[in-house]
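# Observations on chain architecture
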Amino acid sequence: MQWKTKTLGEFIIENQAEFQYSTGELSKLINAIRLAAKVVNHEVNKAGLIDILGAAGETNVQGESQQKLDVLANEKFIQALENREIVCGIASEEETDFITVNSLDENHQNKYVVLIDPLDGSSNIDVNVSVGTIFSIYRRLTPSGSPVTLEDFLQPGINQVAAGYIIYGTSTMLVYTTGHGVNGFTLNPAIGTFYLSHPNMQFPDTGRIYSVNEGNYIHFPQGVKDYIKYCQMEEGDRPYTSRYIGSLVSDFHRNLIKGGIYMYPKSSLNSNGKLRLLYECNPMALLAEQAGGKASDGHRRILEIQPGELHERVPFFCGSPRMVEKAEEFMGRYP
Ligand code: AHG
Ligand code: MN
Ligand code: MN
């Protein structure tokens, strides 16, 4: 089984002809992400030691000041992306405004913008449960030679040239797409190399897992309440199993492998739900579709939504295609 020994580096070279733009550009982009992933992986793995080495806001035994891990992950990703002569701008959950890359791009020749959720599921850090990083990559719309603008970031998800996530779980994996299917790579931490472990990942057509924060049930729209009751009903392959980690990356990853639906609906408290369109929902939606799944806001395809602002939120229903269609059918009864 030759694929088991294929490294991410080899895979990138073998498949770079598929990339619709210059072949070297794709390698640079994925290499930047790969490097950042390893650095953040190292930091996440040390998280349990923070009590010993000093909590956030304190100074540790080496005299280094400690930071919250999501702030640290943000810094590490930005550093790795800035130093590769490929990215002209970065937007992040942790930054109010987008960042213009100046260090190696004084003349604004770099062509790509990256949007990141540096640490997703960060409330899980303190309890040693899986977290992730999400990334989304576009080609800039404005011509190179001038500084990147907000317009370059506010593109519908369908324009993404690549997207993916890193899951820091029982093992660390990088899962990504460039629009030609979804492939998963597992890190061998002993030598710091990602190996192709999950080629051509596919959502099962349907599944038996539904993932939603049911504590918010009372606040959900009637269509969502009805669909949840449908999941719990005894009929055919139901009731389904409820699984919710509270980290989109981890919930998505499990559902991708086992079959299931992830939901973060709007509620009477949050009219657009919680998840961010640009660096949470769009990248997951591209991965979902590339893996034969679906992603919807309940009524519309996520990838076709025209964003209005950097941090905008959107209701999110994503996973096995038959399950997302069924959820949409229930919501469609209450237009
Ligand atoms: P983040 O840690 O980047 O703020 O994202 C957390 C998100 C998502 O990963 C997760 O599915 C959801 O918030 C959980 O929210 P609830 O605690 O409201 O269920
Ligand atoms: Mn998040
Ligand atoms: Mn986050």
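Here the structure is a predicted model, which means the values were calculated and not measured. (Residues numbered from 1 in each chain as written. Chains lettered and ligands numbered in written order. Predicted model: local features only at pLDDT ≥ 70, side-chain atom pairs only at ≥ 80, totals over all residues. Heavy atoms only, no water.)

Another point: the domain arrangement of the chain. Parsing the chain into structural domains produces domain 1 (2-198) and domain 2 (209-332). A C-alpha centroid distance of 24 Å is found between domain 1 and domain 2. Counting from both sides, the interface comprises 45 residues of domain 1 and, opposite them, 30 residues of domain 2. Taking both partners together, domain 1 and domain 2 bury about 2700 Å²; carbon and sulfur atoms supply 67% of that area. Contact with domain 2 buries area across many residues of domain 1, yet Ile-134, Leu-154 and Tyr-165 alone supply 22% of it, more than any other trio. Put simply, domain 1 and domain 2 have 0 salt bridges between them. Our count for the contact surface shared by domain 1 and domain 2 stands at 12 residue pairs in polar contact (both at pLDDT 80 or more). Going through the elements one at a time, β1 (87-92), β3 (112-120), β4 (131-139), α5 (150-153), β5 (162-168) and β6 (172-177) are the ones with two or more residues in the side of domain 1 that touches domain 2. Looking at the side of domain 1 that touches domain 2, the element that brings in the most residues is β4, giving 7 residues. (Domains from an automatic or database assignment. Contact = heavy atoms within 4.5 Å. Buried area = accessible area lost by both parts, 1.4 Å probe. Salt bridge = Lys/Arg side-chain N within 4 Å of Asp/Glu carboxyl O. Polar contact = N/O pair within 3.5 Å; in protein donor to acceptor, adjacent residues only side chain to side chain. Helix = DSSP H or I, 4+ residues; strand = E, 2+ residues; numbered from the N terminus.)

This brings us to the environment of Glu-14. Structurally, the position occupied by Glu-14 is in helix α1 (residues 8-15). Here Glu-14 falls in the exposed class, since its relative accessible area comes to 52%. Through-space distance from the C-alpha of Glu-14 to that of Tyr-195 is 14 Å; in sequence the pair is 181 residues apart. (Buried < 20%, exposed > 50% of the residue type's maximum accessible area, 1.4 Å probe, protein only.)

Right, let's get into the state of the cysteines. As enumerated under the stated definition, the model contains 0 disulfides in all. The cysteine Cys-231 is free of any disulfide, with Cys-318 supplying the nearest cysteine sulfur at 15 Å. Residue Cys-231 is classed as buried on the basis of its relative accessible area of 0%. (Disulfide = S-S within 2.5 Å.)

This brings us to the coordination of the manganese ion (ligand 3). Protein coordination of the manganese ion (ligand 3) is provided by Glu-93 (OE), Asp-117 (OD) and Leu-119 (O), with donor distances spanning 2.1 to 2.2 Å. The sequence pattern formed by the donor residues of the manganese ion (ligand 3) is E-x23-D-x1-L. A spacing of 3.8 Å is found between the manganese ion (ligand 3) and the manganese ion (ligand 2), which share Asp-117 as a donor. Each member of the pair Asp-117 and Leu-119 is classed as buried. (Donors = N, O, S within 2.8 Å, 3.2 Å for Na, K, Ca; no water.)

Glancing now at the packing of aromatic side chains. Counted according to the given criterion, the structure contains 12 aromatic pairs. Judged by centre distance (5.8 Å) and plane angle (80°), the ring pair of Tyr-165 and Phe-252 falls under edge-to-face. With Tyr-165 in strand β5 and Phe-252 in helix α7 (residues 248-258), the pair connects residues that are 87 residues apart, well separated along the chain. For the residue pair Tyr-165 and Phe-252, the accessibility class agrees, reading buried in each case. Through a chain of ring-to-ring contacts, the aromatic side chains of Phe-11, Tyr-176 and Phe-185 assemble into a single cluster. Cation over ring: Arg-139 sits above Tyr-21, and NZ or CZ is 3.8 Å from the ring centre. In this structure, Arg-333 packs its charged tip against the face of Phe-330, placed 4.4 Å from the ring centre. (Phe/Tyr/Trp six-rings, centres within 6.5 Å; stacked < 30°, edge-to-face > 60°. Lys NZ or Arg CZ within 6 Å of the ring centre and 35° of its normal.)

Moving on, we get to the sheet that holds β3. With mixed pairing, 8 strands are arranged side by side in an open sheet as β2-β1-β3-β4-β5-β6-β7-β8. The open sheet has two free edges, formed respectively by β2 (99-100) and β8 (193-198), since each of these has just one partner strand. In this structure, strand β7 (residues 182-188) lies alongside β8, joined through 5 bridges in antiparallel fashion. Its bridge partner lying in β8, Thr-186 is registered against Tyr-195. Relative to the sheet, α7 contacts β3, β4, β5, β6 and β8, its axis offset from that of β5 by approximately 100°. (Pairing = 2+ DSSP bridges. Axes fitted to C-alpha atoms, helices over the stretch in contact; angles between N-to-C directions.)

Running from N to C, α1 and helix α2 (residues 23-45) point in directions that differ by 160°, and their axes come no closer than 10 Å. One way to sum up the angle between α1 and α2 is to call them roughly antiparallel. Here α1 and α2 pass one another in a crossing that is right-handed. Contact with α1, carried on its side by Leu-8, Gly-9 and Ile-12, involves Ser-27, Ile-30, Asn-31 and Arg-34 of α2 and no other residues of that element. Here the residues of the contact of α1 with α2 are counted per class, giving 3 nonpolar, 3 polar and 1 charged. (Parallel < 35°, antiparallel > 145°, perpendicular 65-115°, else oblique. Left-handed = near helix turned anticlockwise from the far one by under 90°. Nonpolar A, V, L, I, M, F, W, Y, C, P; charged D, E, K, R; others polar.)

Our focus in this paragraph is the site of ligand 1. By nearness alone, 16 residues border ligand 1, and Asp-120, Gly-121, Tyr-244, Tyr-262 and Tyr-264 come closest of all. Contacts to ligand 1 include Leu-119, whose backbone N or O atom sits 3.2 Å from an oxygen atom. In isolation ligand 1 offers 470 Å² of accessible surface; the protein chains occlude 82% of this area. If you list the elements that add at least two residues to the shell around ligand 1, you get β3 and β11 (261-264). Counting residues per element, the shell around ligand 1 draws most heavily on β3, which supplies 3 residues. In terms of residue class, the shell around ligand 1 is built from 6 nonpolar, 5 polar and 5 charged. Both of domain 1 (2-198) and domain 2 (209-332) provide at least three residues apiece to the shell around ligand 1. (Near = heavy atom within 4 Å. Areas by Shrake-Rupley, 256 points an atom, 1.4 Å probe, with all protein chains shown as cover.)

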